[in-house]
Amino acid sequence: SSDLSNQPIQCLTSFAAMELSMFNVNHGFTESVVRGLRTGFLNPEDYRRLSSCDTLEDMRSGLEETDYGDFMKNEPSPIQVSTISRLCYEKLADEFRYVKAQTVQPLTTFMDFIQREKMIDNVVMIIQGALNNKHPAELSEKIHPLGVFEGMKSIMSETFDVKGADGFNDVYRIFLVDTPIGQYFEDYLKEADRDKDEMARAGVESSQVGGILTKQDLELMKASLKKAWLEDFYTFCQELGGTTAEVMGHMLKMEADFRVLLVTMNSLNTDLSTEGKMQERNALYPSFGYLYPEGTKELRKAPLNDTMVRAALDPYSKYLQLFDEVKDFYDTESSEAAARSALAGFQSIEDKVYAENVHIYEQAFEQQYHFGIFYAWTKLREQEIRNLRWIANMVVLNTK
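Colleague: Talk me through the packing of helix α12 (residues 242-267) against helix α18 (residues 349-364); I want residue IDs and the actual numbers.
Modeller: Contact geometry of α12 with α18 gives a least axis separation of 11 Å together with a crossing angle of 180°. Put simply, α12 runs roughly antiparallel to α18. Contacts between α12 and α18 involve Val-247, His-250, Met-251, Met-254, Glu-255, Phe-258, Leu-261, Leu-262, Met-265 and Asn-266 from the former and Ile-349, Glu-350, Val-353, Glu-356, Asn-357, Ile-360, Tyr-361 and Ala-364 from the latter. Within the contact of α12 with α18, the residues separate by chemical class into twelve nonpolar, three polar and three charged.

Colleague: Help me get a handle on the packing of aromatic side chains, residues and values and all.
Modeller: Inspection of the entire model under this criterion finds 14 aromatic pairs. Taking the centre distance of 5.1 Å and the plane angle of 5° together, the rings of Phe-113 and Phe-233 count as stacked. Residue Phe-113 is found in helix α5 (residues 107-131), and its partner Phe-233 is found in helix α11 (residues 218-240); the two are separated by 120 residues along the sequence. For the pair formed by Phe-113 and Phe-233, the shared burial category is buried. Just above the ring of Tyr-68 sits the side chain of Lys-91; from NZ or CZ to the centre is 5.5 Å. Just above the ring of Phe-113 sits the side chain of Arg-116; from NZ or CZ to the centre is 4.0 Å.

Colleague: Outline the packing of helix α16 (residues 317-330) against α18, listing residues and values.
Modeller: Contact pair α16 / α18: the axes reach a minimum separation of 9 Å and the direction vectors enclose 145°. Contacts between α16 and α18 involve Lys-318, Leu-322, Glu-325, Val-326 and Tyr-330 from the former and Ile-349, Glu-350, Lys-352 and Glu-356 from the latter. Of the residues contributing to the contact of α16 with α18, the split by class is four nonpolar, no polar and five charged.

Colleague: Please set out α5 residue by residue, giving values where relevant.
Modeller: Its 25 residues place the ends of α5 37 Å apart at the C-alpha level, agreeing with the 36 Å of an ideal helix rising 1.5 Å per residue. The largest bend in α5 is about 25°, located at Gln-115. Counting buried residues along α5, 21 of its 25 residues qualify, which places the element largely inside the surrounding structure. Asn-133 sits one or two positions beyond α5 and adopts a positive phi of about 60°.

How each quantity is defined
Residues numbered from 1 in each chain as written. Predicted model: local features only at pLDDT ≥ 70, side-chain atom pairs only at ≥ 80, totals over all residues. Heavy atoms only, no water. Axes fitted to C-alpha atoms, helices over the stretch in contact; angles between N-to-C directions. Helix = DSSP H or I, 4+ residues; strand = E, 2+ residues; numbered from the N terminus. Parallel < 35°, antiparallel > 145°, perpendicular 65-115°, else oblique. Contact = heavy atoms within 4.5 Å. Nonpolar A, V, L, I, M, F, W, Y, C, P; charged D, E, K, R; others polar. Phe/Tyr/Trp six-rings, centres within 6.5 Å; stacked < 30°, edge-to-face > 60°. Buried < 20%, exposed > 50% of the residue type's maximum accessible area, 1.4 Å probe, protein only. Lys NZ or Arg CZ within 6 Å of the ring centre and 35° of its normal. Expected span 1.5 Å × (residues − 1). Bend = angle between axes of the 7 residues up to and from the residue.

Dropping the structure here:
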């Protein structure tokens, strides 16, 4: 009987050993590369030195002493904050593409999912630029290099006329054919092109795309597309199973919860908190996460106000504390008052989420043999670039 009682433990041990060996065979090299890249993150001493710079040229010299090296050596003086940010993102994209080139399935698809989020940012920005009659050259500086896809070359060309007879039709076709986010985009358009009480349509004619897009709030469209991406990514990670499903499951559930909180807090004191806009707001809540389904069910109720949000978050002590810490920032209806809140030291939900995410991503490196470190490394590097951009802006403003 003692032999029988040991069988489950032996099975688990052999399964873990098999997962370890198979992961090392297929993905061990790329994991070691990413762990090596992680050691190149800026340390507290680097931040202290960069924060004491008097000019952006000093920052350029300071970064040369880090793993960033002389990546700005070919840029003429005076250098701009936007240039520093762009080159940092290009360096991240180069490293990302190098790592991805070494991968095999299913890690390759996993890294495709990471890029899809940036593709959504680029797609929405291109549409926004087109609707505002922005020249393609004006948008190129803002393109996220991780979200570049083949069809963007033609869209960003000097001769492409997005407002011409076939402009939006061509954009729609390029998004559907050349990007993996085409399905999210098509589903959104089908949902947007229907009345409240009718079923979503089976498809959208390309000739209708321009008319639909001109009526949409593009920030809401971006949030809707990212919700679809997040749910798709979570499903993919759970299908992978093992430690990846566990680690990524936790990170993506936290991401889903943060998105719920972001939508909720940014809806307060706006039209989205009213009953008339309830459907639009609720459509942005992901269908998974630690808040799902009980917490999101309560938050879906209208009208939305501080008391109701607090009651909905009451069973979730961590999120309730987060709400209490930021609610003063949103206790206003005017942008001027919100700016005064920021100056008074109140933090927005975005500020808190960025700080919390850093801890979550760092924890991903504590475990081995999973894909979560590729996601965590990308996100941590992006946060580092945001830090550098903030420091650069403070240097320009002569505020230390």
